[in-house]
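Descriptive structure summary
Residue-level listing of the chains:
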Amino acid sequence: VSQSRYRILEKQAGTESADIQLANHTARIGYKPNAVNWDSIGQELQSAGFGLVHTENDTHSIATELLQSELKKLTRHTLISAALGLPLMGVGMIYMHTEWARWLMPALAISIMLIPGRRFFVKAFEQIRTATWGMDSLVALSCTTAFAYSLWNTLFPQLQRELGFTPQVYYEGIGAIISFLLLGR
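As the structure is a computational prediction, the values presented were derived from the model and not from experiment.

1. Comments concerning the side chain of Ser-150
Positionally, Ser-150 belongs in helix α6 (residues 135-155). Classification of Ser-150 by relative accessible area gives buried; the value is 0%. Sequence-distant contacts of Ser-150, defined by excluding residues within four places in its chain, comprise Gln-168, Val-169, Tyr-170 and Tyr-171.

Listed below in structure tokens is the structure:
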């Protein structure tokens, strides 16, 4: 992923070097003051799914403020994911053959995908658009595949039974994947 950032920064007029620090979400850019166009760099980075805060002086406080804001949002999404994911996993493991669970599980799974998991899908869309692949693409693909297959088996279980298979659903996997990844971040 960082290679796409380097490519974006390197091809901009007026930039001479780029040092990207993934651990603290910052980059130092060597540039020619009269030749660089910050608006152009910002637009290119934004189109690739990244942001730009240009500052000459107080970089530490701006970066800290941005990281604290992101941490609050991440904490909120992790708690929402756990609040929806734990019941989803419990229902999926204990009550999976009941009629009410058949409809509760997809509702909980889609809620997890759309609220706390939205960040993975937005980032994956940006990665696909710019032909760069990362972990977010993998998460979005696996969750979408699990949801589509599970929903198919929820709506049409008789098709699997006619072929001699037991219709399986994997909604709880969606909750587990998104919850654990958010917790890890």
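After that view, the rundown keeps rolling.
2. Let's talk about helix α5 (residues 118-129)
Given a rise of 1.5 Å per residue, 12 residues ought to cover 16 Å, and the 17 Å separating the end C-alpha atoms of α5 matches this to within 8%. Of the residues trailing α5, Ala-131 is marked for its positive phi of about 55°.

3. A closer look at helix α4 (residues 99-114)
Look at α4: 24 Å from first C-alpha to last across 16 residues, which is about the 22 Å you get at 1.5 Å a residue. Residues of α4 that are buried: Ala-101, Met-105, Pro-106, Leu-108, Ala-109, Ile-112 and Met-113. Down the axis, α4 shows its buried residues gathered within 165° of arc, on one side only.

4. Side note on the layout of surface pockets
Its volume calculated, the second largest pocket comes out at about 400 Å³. Elements that contribute at least two residues to the lining of the second largest pocket include exactly α4, α6 and α7 (157-162). The biggest single contributor to the lining of the second largest pocket is α4, with 3 residues. Classifying every residue of the lining of the second largest pocket by side-chain character gives 6 nonpolar, 7 polar and 4 charged.

5. Considering the nonpolar core
Ranked by size, the top nonpolar core spans 19 residues in total, and within it Leu-88, Ile-174 and Ile-178 carry the most contacts. Put simply, the parts of the chain that give this core at least two residues each are α3 (59-94), α4, α6 and α8 (171-184). Ignoring anything within four residues of it in the chain, the contact list for Ile-178 reads Ser-81, Ile-112, Met-113, Pro-116, Gly-117, Phe-120 and Cys-143.

6. A closer look at the environment of Cys-143
Along the chain, the position of Cys-143 falls in helix α6. Linking Cys-143 and Ile-177, residues 34 residues apart in sequence, is a C-alpha distance of 8.0 Å. Among residues more than four places away in sequence, those in contact with Cys-143 are Met-113, Phe-121, Ile-174, Ile-177 and Ile-178.

7. Some details on the packing of α6 against α8
It is at 8 Å that the axes of α6 and α8 come closest, and there the two elements cross at 160°. Classified by the interaxial angle, the pair formed by α6 and α8 is roughly antiparallel. As α6 runs across α8, the sense of the crossing is left-handed. Here Met-135, Val-139, Ser-142, Cys-143, Ala-146, Phe-147, Ser-150, Leu-151 and Thr-154 of α6 come into contact with α8, specifically with Tyr-171, Ile-174, Ile-177, Ile-178 and Leu-181. Of the residues contributing to the contact of α6 with α8, the split by class is 11 nonpolar, 3 polar and no charged.

Parameters and conventions
- Residues numbered from 1 in each chain as written.
- Predicted model: local features only at pLDDT ≥ 70, side-chain atom pairs only at ≥ 80, totals over all residues.
- Heavy atoms only, no water.
- Helix = DSSP H or I, 4+ residues; strand = E, 2+ residues; numbered from the N terminus.
- Buried < 20%, exposed > 50% of the residue type's maximum accessible area, 1.4 Å probe, protein only.
- Contact = heavy atoms within 4.5 Å.
- Expected span 1.5 Å × (residues − 1).
- Arc of directions from axis to C-beta.
- 1 Å grid on protein atoms, 1.4 Å probe; cavity = no way out; pocket = protein on both sides within 12 Å on 5 of 7 lines; lining within 4 Å.
- Points joined across faces, edges and corners; volume = space filled by probe spheres on them.
- Nonpolar A, V, L, I, M, F, W, Y, C, P; charged D, E, K, R; others polar.
- Core = buried A, V, L, I, M, F, W, Y, C linked by side-chain atoms within 4.5 Å.
- Axes fitted to C-alpha atoms, helices over the stretch in contact; angles between N-to-C directions.
- Parallel < 35°, antiparallel > 145°, perpendicular 65-115°, else oblique.
- Left-handed = near helix turned anticlockwise from the far one by under 90°.

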